[in-house]
Amino acid sequence: MAPPRRFALELPGCALLHFAVGGAGGAGGARPDARLAALLGPPGRSFSLCVPAGAGGARVRAARLHQRLRGRLQRGPFRGCQLCPLLGYGGGPDGGLQRGFLLRDPRGGPDTRRALLELVGSCPEPERPHLGEFEADARGALWLRLWALRDGGRQQPGERARVLPLPEPPLHPAVPALHSSVVFPDRDAARAVLQECVSFIPEAQAVLDLVDQCPRQLQKGKFQVVAIEGLDATGKTTVTQSISKALNAALLQSPPMCIRQWRNIFDEEPPIIRRAFYSLGNYLVASEIAKESMKGPVILDRYWHSTATYAIAAEVSGGLQHLPPAHHPVYQWPGDLLKPDLVLLLTVSPEERVQRLQGRGLEKTREEAELEANSIFRQKVQKSYQLMENPSCLVVDASPSREEVLQKVLQLIQNPGN
């Protein structure tokens, strides 16, 4: 896959800076954006590292390589360098997305370049990252020089191309790829990802075997199915347990108990694998819903909305304004997944969440830990919940007393039209 020609760089504070690479050779021209010059030009030296993302199994291999690179770029000879997320994009139906990093070495010494060349050379050829080095000429213009394999398999500096600022595109560059990377539109799309993982994650086959036992055509019973959604510490456990008792309803969770013992394994994997696991968990829950709703009401502690909102918020860098627009297909319920009759979204203020989280000492997923550390990520998850459609989420203020919240939830379940 060819090196990308357009880039989105995530700055501290979740701001995005876009720039293009093109016009090889020559000098002069307009001066670069001051923020670009500060990040890419002297003093110090900056490098780009982008992992090509191919189709099929190459997506999974590239995602795992990207994750390994992040770990290696945070230690050893790169300790002391600044590491920022970098997206290369442009071309192809999914935006031609290539994920990578901007590595800025404030010292500008040769050791960092040497270590990067060794790192790139150790990567397998099909997914070998594109390595570039930023330069500034005497007039202050910025250039990107790509390193390329020459005879003998050694990396050598190649041609350079001019770096120019780009206006922000109308749609975040990660959005076109969401349905092929983290928010799967159907069971088969998620299954295909986990199928590619069987050789290195044995538990993936066990998940697939369970999914394959589930009928594709499921019929919901005559009893009501209600999904309770919300961020961690909004009271989901209390509400779902209390409501299920009050209604004598079956209480189900996603992911279901049959695969929860493997949750920690998949939580350590890149997003495309992690989200495929959680997506297939929803289809396993759907099979349980179909059976239980024949006998009585069903209460769900999270369902597809959680899987989608956390994925969107994590995958789309930057602030709230970069989320997919309202009514985008990514907010639509998968056509082959059993729907609930009602989805309730519990909300509390950020301050209330902090108070509730203190002293809980419960094990958190990577995303739940990110909620506490990153207020922008938390806001994006909350906003994505509110943009979900077909079915949408009915917001419930979970700040009042437990009794008041339970009474409100019961009222909405028993009178959903009011």
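Note that the structure is a prediction, hence the values are computed from the model and not measured.

Asks: Explanation requested: the overall build of the protein in the structure shown.
Replies: A count of helical and extended segments in the protein gives 15 helices and 13 strands. Considering only intrachain contacts with a sequence separation of at least 6, the fraction spanning at least 24 residues in the protein is 76%. Taken as a whole, the protein presents about 18600 Å² of accessible surface, with 51% of it coming from carbon and sulfur.

Asks: For this particular structure, what's the right way to read empty space enclosed by the protein?
Replies: By rolling a water-sized probe across the atoms, one finds the places where empty space is left. A complete count under the given rule lists three cavities of 30 Å³ or more for this structure. Taken as a whole, the largest cavity encloses approximately 40 Å³ of empty space. Considering the residues around the largest cavity, the lining is formed by Pro3, Pro4, Phe7, Ser48, Cys50, His130 and Leu146.

Asks: It is not clear to me how the sheet that holds strand E12 (residues 342–347) should be interpreted in this structure. Could you clarify?
Replies: Each strand in a sheet pairs with another by means of backbone hydrogen bonds, the pair being arranged parallel or else antiparallel. Sheet architecture is open: five strands sit in the order E10-E11-E9-E12-E13, paired in parallel fashion. Looking at the sheet topology across the chains shown, the edges are occupied by strand E10 (250–253) and strand E13 (394–397). Here the average twist between neighbouring strands, direction ignored, is 25 degrees. Bridging between strand E9 (residues 225–230) and strand E11 (residues 298–301) involves four bridges; their strand directions are parallel. Considered in E11, the bridge of Ile228 is made with Asp301. Together, E9, E10 and E11 form the strand contacts of helix H10 (residues 271–292), whose direction differs from that of E10 by roughly 170 degrees.

Asks: I tried to follow the environment of Ser317 on my own but got confused; where do I start?
Replies: Along the chain, Ser317 falls in the loop between helix H11 (304–315) and E12. Residues Ser317 and Lys380 lie 63 residues apart in sequence; the distance between their C-alpha atoms is 9.8 Å. The contacts of Ser317, once residues within four sequence positions are left out, are Glu10, Leu16, Leu87, His172, His322 and Lys380. A polar contact of 2.9 Å, which involves the side chain of Ser317, links it to the side chain of His172.

Asks: Mind showing me how you'd approach unusual backbone geometry here?
Replies: Peptide bonds are mostly trans, and most non-glycine residues show a negative phi. Cis geometry marks the peptide bond from Ser254 to Pro255, where omega comes out at 0 degrees. Locating Pro255 in the fold gives a position in the loop between E10 and helix H8 (257–260). With an omega of 10 degrees, the peptide bond running from Asn390 to Pro391 counts as cis. Not every positive phi belongs to a glycine, and Asn248 is a case in point at roughly 55 degrees. Within the fold, Asn248 resides in the loop between helix H7 (236–247) and E10. By relative accessible area, Asn248 is classed as exposed at 68%. Positive phi, normally seen in glycine, also occurs at Asn390, with a value near 60 degrees.

Asks: Help me understand the nonpolar core in this model?
Replies: Generally speaking, a soluble globular protein has its nonpolar side chains buried in company with each other. Counting 38 residues, the largest nonpolar core has Val183, Ile289, Leu300, Tyr303 and Ile312 as its most contacted members. Listing elements by their share of this core, those giving two or more residues are E9, E10, H10, E11, H11, E12 and helix H14 (375–387). Broken down by element, the residue count for this core peaks at six residues, all from H11. Residues within four places of Tyr303 in sequence aside, it is in contact with Ala227, Glu229, Ser254, Asn282, Val285, Ala286, Ile289, Trp333, Leu337, Leu338 and Pro340. Judged by nonpolar contacts, the second largest core, of 23 residues, contains Val60, Ile201, Ile259 and Leu284.

Asks: Looking at this structure, how should I read the state of the cysteines?
Replies: Put plainly, two cysteines are in a disulfide when a covalent bond ties their sulfur atoms together. One pass over the full model with this rule turns up zero disulfides. The thiol sulfur of Cys214 is not disulfide-bonded, and the nearest other cysteine sulfur, from Cys258, lies at 7.6 Å. Look at Cys214 and you get buried, because its relative accessible area is 10%.

Asks: When you look at the side chain of Asp267 in this model, what are you seeing that I'm missing?
Replies: Relative to the helices and strands, Asp267 is located in helix H9 (residues 263–267). No salt bridge is formed by the buried Asp267; the nearest opposite charge belongs to Arg263, separated by 4.0 Å. A distance of 2.8 Å separates polar atoms of two side chains, one belonging to Asp267 and the other to Tyr278.

Asks: What am I meant to see in the pairing of strand E4 (residues 82–89) here?
Replies: Two faces make up the sheet, and in a regular strand the side chains alternate between them. Relative to E4, strand E1 (residues 6–10) is paired through four bridges, and the arrangement is antiparallel. Considered in E4, the bridge of Arg6 is made with Tyr89.

Asks: How should the packing of H7 against helix H15 (residues 402–414) be read in this particular structure?
Replies: What describes two packed helices is the angle between their axes and the distance between those same axes. At a minimum axis distance of 10 Å, the contact between H7 and H15 shows a crossing angle of 55 degrees. Between H7 and H15, the angle is such that the two are oblique. The handedness of the crossing between H7 and H15 comes out as right-handed. Contacts between H7 and H15 involve Thr238, Val239, Ser242, Ile243, Ala246 and Leu247 on the former and, on the latter, Arg402, Val405, Leu406, Val409, Leu410, Ile413 and Gln414. Its residues assigned to classes, the contact of H7 with H15 comprises nine nonpolar, three polar and one charged.

Asks: Where do I start with the side chain of Lys380 in this structure?
Replies: Following the sequence through the fold, Lys380 ends up in helix H14. No salt bridge is formed by the buried Lys380; its nearest oppositely charged neighbour, Glu10, is found at 5.8 Å. There is a polar contact of 3.0 Å between the side chain of Lys380 and the backbone oxygen of Gly318. Once residues within four sequence positions are removed from consideration, Lys380 is found in contact with Ala313, Val316, Ser317, Gly318, Gly319, Leu320 and Leu323.

What counts, and where the lines are drawn
- Residues numbered from 1 in each chain as written.
- Predicted model: local features only at pLDDT ≥ 70, side-chain atom pairs only at ≥ 80, totals over all residues.
- Heavy atoms only, no water.
- Helix = DSSP H or I, 4+ residues; strand = E, 2+ residues; numbered from the N terminus.
- Contact = heavy atoms within 4.5 Å.
- Areas by Shrake-Rupley, 256 points an atom, 1.4 Å probe, with all protein chains shown as cover.
- 1 Å grid on protein atoms, 1.4 Å probe; cavity = no way out; pocket = protein on both sides within 12 Å on 5 of 7 lines; lining within 4 Å.
- Points joined across faces, edges and corners; volume = space filled by probe spheres on them.
- Pairing = 2+ DSSP bridges.
- Axes fitted to C-alpha atoms, helices over the stretch in contact; angles between N-to-C directions.
- Polar contact = N/O pair within 3.5 Å; in protein donor to acceptor, adjacent residues only side chain to side chain.
- Buried < 20%, exposed > 50% of the residue type's maximum accessible area, 1.4 Å probe, protein only.
- Core = buried A, V, L, I, M, F, W, Y, C linked by side-chain atoms within 4.5 Å.
- Disulfide = S-S within 2.5 Å.
- Lys, Arg positive; Asp, Glu negative; His and termini not counted.
- Salt bridge = Lys/Arg side-chain N within 4 Å of Asp/Glu carboxyl O.
- Parallel < 35°, antiparallel > 145°, perpendicular 65-115°, else oblique.
- Left-handed = near helix turned anticlockwise from the far one by under 90°.
- Nonpolar A, V, L, I, M, F, W, Y, C, P; charged D, E, K, R; others polar.

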